[in-house]
Protein chains: 2
Amino acid sequence: MFEALETGKSIKGSDFAKLRDALRPRLIQAQLALARANYSVIMVIAGFDGAGKGALVHRINEWMDPRRIDTNAFWQHSDEEQSRPRYWRYWRHMPPKGQIGIMMGSWYQACGYDGISESLSSEELALELQEIEAFERMLTDDGTLLIKVWLHVSRDRQNMQLREEAPLKMQNPRVPADPDAWWDKYPEALEVSAQLITATDSSHSPWHLVEANNPNYRDITVAQIIVDAMTGHAARLAADTPPEQPALVDHRKGQPTVLDNVDLSQALDRDEYKIKLRKHQDKLQDLAWDLNAQQRSVIAVFEGWDAAGKGSAIRRVTQAIDPRLYKLVQYAAPSDEERAQHYLWRFWRNLQRDGRSTLFDRSWYGRVLVERVEGFARQDEWKRAYNEINMFEKQLVDHGNIVVKFWIHISPDEQLARFKARENEPHKHYKITDEDWRNREKWEDYALAVEDMVAHTSTHHAPWTLVAGNNKLWARIDILKTLCSAIKKELKG
Amino acid sequence: MFEALETGKSIKGSDFAKLRDALRPRLIQAQLALARANYSVIMVIAGFDGAGKGALVHRINEWMDPRRIDTNAFWQHSDEEQSRPRYWRYWRHMPPKGQIGIMMGSWYQACGYDGISESLSSEELALELQEIEAFERMLTDDGTLLIKVWLHVSRDRQNMQLREEAPLKMQNPRVPADPDAWWDKYPEALEVSAQLITATDSSHSPWHLVEANNPNYRDITVAQIIVDAMTGHAARLAADTPPEQPALVDHRKGQPTVLDNVDLSQALDRDEYKIKLRKHQDKLQDLAWDLNAQQRSVIAVFEGWDAAGKGSAIRRVTQAIDPRLYKLVQYAAPSDEERAQHYLWRFWRNLQRDGRSTLFDRSWYGRVLVERVEGFARQDEWKRAYNEINMFEKQLVDHGNIVVKFWIHISPDEQLARFKARENEPHKHYKITDEDWRNREKWEDYALAVEDMVAHTSTHHAPWTLVAGNNKLWARIDILKTLCSAIKKELKG
């Protein structure tokens, strides 16, 4: 692979100036077009130490308008980063639509170093690369233009660079500080790099392999790659008609759904309820402290029909937990910063640190529920969301989070009764809106969306619990019980 | 003081239910009104451990709509928090306009504990309280409603509570875990609390002192405080006509300004420039690593006339610094999340960790420059901004940041020449807009705003440097030199 990148390509000074002067206005033009576009650009600048990544990034910032470029170096990870799922550190630095994010030491760096040092086996590395591939696909599916550049330098050149470079007083701890160590590691580095490139050289985000021994050649080549990628992406999007959305014919209409399996007659009387509430809240209180002591977190998702009793059930949970140990986040319309990002971004941004749980009152499942039914997301968007969501929850679980998901189910009659009651109670009146009445008319569509959601996303590591909600007392205890047992199963000792 | 809070006030169960049912709709109403209002509410819930702060916060969340309440517990500070100026941890959790933020263990907690343990002297505590007072004034000046509640419990009651409470498996390390230790500390705690309350019991954010031995009385009393404060604030704002803005007559017009003291004839030829550029960039490169080794950060502010060469000067700085060691942030129109916050919020949010510098291309000085001249800020707003800004920069410096501020000055003729040149260069054309031409017409207003800015905010710890910018080469070297010497002066060894 790399022999094709050690050919001696170079550009001399006078040609360089000419080429640069031709490219700069085109870079700026591409960037101006991007500013008005509905997608972001992510540049991954990868390659060996000593390949000139820093110098190249300087160049890009020099030739383009740095106002709309955010350069991120993932390097010394803070405890806030380490105490959250691995991709959190990248999500928090995602460029918004219309802007460019440069990623140095991106998601490739850690696994690359770990591959070279053999702290990851070849199989483990392959799995990580698969995860990267899926992550990048999710971004590009969302319209993001991913420009991945691999800078290659020869063994001699790298050695020279590392010796020449201004004293690197602080190094990434995974990088051997000594140029000689790099010299020795070079063959392994080549091998791991080849694995890394081939595993992630996909149609949606191909690698651009660049011979980087000569800085002039490197900079001109990458600038040309950027111009071509950005103008090509813009042209493709302009030409693309949005995919045809065939009206879905759903033969399940009128058939029972998974929700009909929920026994809505289950109920508790108030005396039983009081005893059980006390018991389970006490248990949850202790478990929340145990979680903190073991630095584990619960990610709890609360979904359900309007007026299903989500709010009051959540309150029975939060009553039990010290406010220092959880964050409750509720989702309504996204802000403009959120709209300028992938739909999962606004959930990632609220994940709490290890030892502190996050309760989501409505969640990423909006994508396959309200956004699907109301047509806010296209068919291709919500259909691929099942996979994106499973991947997201897998990352949470892999990090050590305990994912618990509740759908609170009630019957249409029960909902009607509650709507009417709310309209009559002065301090609950605000809870009922025209939208609630409109949603009610689409009951069957929502029920089928719930069924699909359960079918696709009730996984071993992040199962759904369908809660019988006609009796609120039953529902609250069921939720507390399920939470406690999910936590208990995961805690040590 | 506290003897007035040990009187035996209490509410029995049946009265409690009646009072609660009367208060809940009013709480909800106040919250609904807030959702449409242009300010935020911050509730500070303070008092001794064992006073029932947690239980009260549960109550507030139960009686109000938790969707628009964000409960924050400042407790275990992450390294990201510790490696930034102290107030950063609060700024990052400020509620947006229309919402309520509850602060537990707020800015009062650390200094309270430190006062009790005597790790702060009485004078040091007084200074911290003065800083708190100024911080709160800044928030309330911005329209924020600050509701500060102090829960008082007697020594016996506290002791009982601490013994009874569910096992606190994890404690704030500053809090004695043992109830007996609290018993012993109680008199000192009273004394420090009294100092804390009196020093910060201001007209703009008074303390509400609540006898908290009886939970029913505590909760009803606080609910009433919240209703009164929220409805009162809304009524006051509705009645207030915005302060009369007398047209300012500025007798300085036609007089020389501080900018006329800048010798614009200073210049470098290209050969000299090249040598000096290399020299100072090399020095800066090393200094940036030294800063990182000593975990110090530069906060550099770049302001100047349109076309003064800000961008190209910044690039000469960033070229010298490893991209892992700085973040360049540029400011244009605020996002809606930013507009829903105090104007300083969007600068606080971008502060980098210790060891990483932040370069601000335009800054908080917009408040006293463009916002003043264009009338985006009222007179009272921009006039008090000098003090707010000095306070902000003082916090940066107190934390160990090195604050360096540049105004790049050019003559009107030089600006005109550059505007014309930009219009003729294809890859610079985008840099010039109608707004630039309009701003030019207000040259004198801007010059006087700059003069006032320098007069008010060129402090010993954060001085302004006025850079002669007619010769770009001179300006770049002057900036690099100033930066290097400011860093050098601060570094150890």
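Conventions adopted
- Residues numbered from 1 in each chain as written.
- Chains lettered and ligands numbered in written order.
- Predicted model: local features only at pLDDT ≥ 70, side-chain atom pairs only at ≥ 80, totals over all residues.
- Heavy atoms only, no water.
- Helix = DSSP H or I, 4+ residues; strand = E, 2+ residues; numbered from the N terminus.
- Buried < 20%, exposed > 50% of the residue type's maximum accessible area, 1.4 Å probe, protein only.
- Contact = heavy atoms within 4.5 Å.
- Areas by Shrake-Rupley, 256 points an atom, 1.4 Å probe, with all protein chains shown as cover.
- Salt bridge = Lys/Arg side-chain N within 4 Å of Asp/Glu carboxyl O.
- Polar contact = N/O pair within 3.5 Å; in protein donor to acceptor, adjacent residues only side chain to side chain.
- Pairing = 2+ DSSP bridges.
- Axes fitted to C-alpha atoms, helices over the stretch in contact; angles between N-to-C directions.
- Expected span 1.5 Å × (residues − 1).
- Bend = angle between axes of the 7 residues up to and from the residue.
- Phe/Tyr/Trp six-rings, centres within 6.5 Å; stacked < 30°, edge-to-face > 60°.
- Lys NZ or Arg CZ within 6 Å of the ring centre and 35° of its normal.
- Least-squares fit on C-alpha atoms with pLDDT ≥ 70 in both.
- Patch = residues over 30% accessible without salt bridge, like charges linked within 9 Å, V, L, I, M, F, W, Y side chains within 5 Å.
- Lys, Arg positive; Asp, Glu negative; His and termini not counted.
- Charge placed at Lys NZ, Arg CZ, Asp CG, Glu CD.
- pLDDT = per-residue confidence, 0-100.
- Parallel < 35°, antiparallel > 145°, perpendicular 65-115°, else oblique.
- Left-handed = near helix turned anticlockwise from the far one by under 90°.
- Nonpolar A, V, L, I, M, F, W, Y, C, P; charged D, E, K, R; others polar.

Caption draft 1: Focus on the overall build of chain A. Regarding its fold elements, chain A presents 19 helices and ten strands. Overall, chain A is about 85 × 55 × 40 Å in size when its C-alpha atoms are taken along their principal axes. Counting every position in chain A, which comprises 493 residues, the buried fraction comes to 57%. Within chain A, contacts between residues at least 6 apart in sequence are counted, and of these 83% link residues at least 24 apart. Looking at chain A as shown, the accessible area adds up to about 20,900 Å², and 49% of this sits on carbon and sulfur atoms.

Caption draft 2: Region of interest: the interface of chain A and chain B. On the side of chain B, 56 residues touch chain A, which itself brings 57 residues to the contact. Between B:Glu81 and A:Arg353 there is a salt bridge, and its shortest N-O distance comes to 4.0 Å. The tally of links between chain A and chain B comes to 22 residue pairs in polar contact (both at pLDDT 80 or more). Of all elements in the fold, only helix 1 (13–35), helix 2 (53–63), strand 2 (69–73), helix 3 (79–82), helix 10 (270–293), helix 11 (310–318), strand 7 (326–330) and helix 12 (336–339) of chain A reach the threshold of two or more residues within the side of chain A that touches chain B.

Caption draft 3: Quick look at the side chain of A:Asp322. Within the secondary structure layout, A:Asp322 lies in the loop between helix 11 and strand 7. A distance of 2.8 Å separates the side chain of A:Asp322 from the backbone nitrogen of A:Arg324, its partner in a polar contact.

Caption draft 4: Structural detail: the sheet that holds strand 10 (residues 464–468) of chain A. Residue and element names in this part refer to chain A. Taken in spatial order, the five strands of this open sheet run 7-8-6-9-10, and their pairing is parallel. Either end of the sheet is taken by a strand with one partner, and the two such strands are strand 7 and strand 10. When strand polarity is set aside, the average angle formed by the axes of neighbouring strands in this sheet is 20°. Two elements, strand 6 (residues 298–304) and strand 9 (residues 402–409), share seven bridges in a ladder whose sense is parallel. Across the sheet, the residue bridging to Phe 302 is Phe 406, located in strand 9. On the sheet, helix 11 packs against strand 6, strand 7, strand 8 (357–361) and strand 9 and is oriented at approximately 160° with respect to strand 6.

Caption draft 5: Structural detail: helix 15 (residues 379–399) of chain A. Residues and elements named next belong to chain A. Look at helix 15: 31 Å from first C-alpha to last across 21 residues, which is about the 30 Å you get at 1.5 Å a residue. At Ala 385, helix 15 shows its maximal bend, which comes to roughly 35°. Note on helix 15: the residue one or two positions beyond its end, Gly 400, has a positive phi of about 115°.

Caption draft 6: Expanded view of the packing of aromatic side chains. Per the counting criterion, the structure on display carries 52 aromatic pairs over all chains. On the basis of an interplanar angle of 80° and a centroid distance of 5.5 Å, the ring pair of B:Phe48 and B:Tyr186 is categorised as edge-to-face. One end of the pair, B:Phe48, is in the loop between strand 1 (41–47) and helix 2 (53–63); the other, B:Tyr186, is in helix 8 (residues 179–199), and 138 residues separate them in sequence. Each member of the pair B:Phe48 and B:Tyr186 is classed as buried. Seen from the ring of A:Tyr343, A:Arg367 lies directly overhead, with NZ or CZ sitting 4.0 Å from the centre. The ring of B:Trp183 carries the charged tip of B:Arg155 above its face, separated from the ring centre by 4.5 Å.

Caption draft 7: Inspection of the relation of the copies chain A and chain B at higher detail. If you rotate chain A by 180° and push it 0.0 Å along the axis, it lands on chain B with an RMSD of 0.0 Å. Those values place the two copies in the arrangement expected of a two-fold rotation axis. Most of the interface of chain A is mirrored in chain B, where 98% of its interface residues again form contacts.

Caption draft 8: Spotlight on unusual backbone geometry. All names here are of chain A. Positive phi values are uncommon outside glycine, yet Glu 118 reaches one of about 65°. Looking at where Glu 118 falls in the secondary structure, it is placed in the loop between helix 5 (107–116) and helix 6 (122–141). Judged by its relative accessible area of 62%, Glu 118 falls in the exposed class. The backbone of Ala 307 shows a phi angle near 70°, a positive value even though the residue is not glycine.

Caption draft 9: Representation of the pattern of salt bridges. Residue and element names in this part refer to chain A. Inspection of every chain in the model, using the stated rule, returns 74 salt bridges over all chains. A salt bridge links Glu 81 to Arg 92; the shortest N-O distance between them is 2.9 Å. Note that Glu 81 is positioned in helix 3 and Arg 92 in the loop between helix 4 (88–91) and strand 3 (100–104), a separation of eleven residues in sequence. Its relative accessible area of 4% is what places Glu 81 among the buried residues. Ionic pairing is found between Glu 393 and Lys 405, a salt bridge with its closest N-O pair at 2.8 Å. One end of the pair, Glu 393, is in helix 15; the other, Lys 405, is in strand 9, with twelve residues separating them in the sequence. There is no split in this pair, since Glu 393 and Lys 405 are both buried. Here the residues in one salt-bridge network are Asp 141, Arg 378, Asp 380, Glu 381, Arg 384 and Glu 388, joined through shared partners.

Caption draft 10: The pairing of strand 1 of chain B, seen in detail. Residues and elements named next belong to chain B. When you tally the buried positions in strand 1, you get seven out of seven residues, the bulk of the element. On strand 1, burial covers both faces: Val 41, Met 43, Ile 45 and Gly 47 on one face and Ile 42, Val 44 and Ala 46 on the other are all buried. Relative to strand 3 (residues 100–104), strand 1 is paired through five bridges, and the arrangement is parallel. In the sheet register, Val 41 faces strand 3, and the bridge partner there is Ile 100.

Caption draft 11: Structural context of the sheet that holds strand 5 (residues 207–211) of chain B. Residue and element names in this part refer to chain B. Strand order across the open sheet formed by five strands is 2-3-1-4-5, with parallel pairing between neighbours. With partners counted over all chains shown, the strands left at the sheet margins are strand 2 (69–73) and strand 5, one partner each. The sheet shows a mean angle of 20° between the axes of neighbouring strands, direction not considered. Sheet contacts for helix 2: strand 1, strand 2, strand 3 and strand 4 (145–152); angle to strand 1, the most-contacted strand, approximately 150°.

Caption draft 12: Here's a closer look at a positive patch on the surface. All names here are of chain A. Taken together, Lys 276, Lys 279, Lys 283, Lys 481 and Lys 488 make up a surface patch of like positive charges. Those elements that provide at least two residues to the positive patch are helix 10 and helix 19 (472–490). Ranked by the residues each element gives to the positive patch, the list is headed by helix 10, at three residues. One can find Lys 276 in helix 10.

Caption draft 13: Local environment of the confidence of the model for chain A. Residues and elements named next belong to chain A. For chain A, per-residue confidence averages 91 on the pLDDT scale, and residues scoring 70 or more make up 97% of the total. Scored below 50 in pLDDT, residues 166–174 shows 23 contacts in the model against residues more than four places distant or in partner chains. Here the prediction assigns the complex a pTM of 0.88, and the interface score ipTM is 0.83.

Caption draft 14: Seen up close, the packing of helix 10 of chain A against helix 19 of chain A. Residues and elements named next belong to chain A. At a closest axis distance of 9 Å, the pairing of helix 10 and helix 19 adopts a crossing angle of 30°. With respect to helix 19, the element helix 10 is oriented roughly parallel. Crossing of helix 10 against helix 19: the hand is left-handed. Along its contact with helix 10, which presents Arg 270, Tyr 273, Lys 276, Leu 277, His 280, Gln 281, Lys 283, Leu 284, Leu 287 and Leu 291, the element helix 19 presents Leu 473, Arg 476, Ile 477, Leu 480, Lys 481, Leu 483, Cys 484, Ile 487 and Lys 488. Class assignment of the residues belonging to the contact of helix 10 with helix 19 gives a composition of eleven nonpolar, two polar and six charged.

Caption draft 15: Examining the packing of helix 2 of chain A against helix 9 (residues 215–239) of chain A more closely. Residues and elements named next belong to chain A. Two numbers describe how helix 2 lies on helix 9: the axes approach to 10 Å, and their chain directions differ by 55°. In terms of axis orientation, helix 2 runs oblique to helix 9. For the crossing formed where helix 2 meets helix 9, the hand is right-handed. Every residue of helix 9 that contacts helix 2 at Ala 55, Leu 56, Arg 59, Ile 60 and Trp 63 is listed here: Arg 218, Asp 219, Ile 220, Val 222, Ala 223 and Ile 226. Of the residues assigned to the contact of helix 2 with helix 9, the class counts are eight nonpolar, no polar and three charged.

Caption draft 16: Just the environment of A:Arg218, in detail. Residues and elements named next belong to chain A. Mapped onto the fold, Arg 218 is located in helix 9. According to the relative accessible area criterion, Arg 218 is buried, its value standing at 6%. Along the chain, Arg 218 and Ala 134 lie 84 residues apart, while their C-alpha atoms are 29 Å from each other. Contact partners of Arg 218, with chain neighbours within four places excluded, come to Ala 51, Gly 52, Ala 55, Leu 56, Leu 151, Val 210, Glu 211 and Ala 212.

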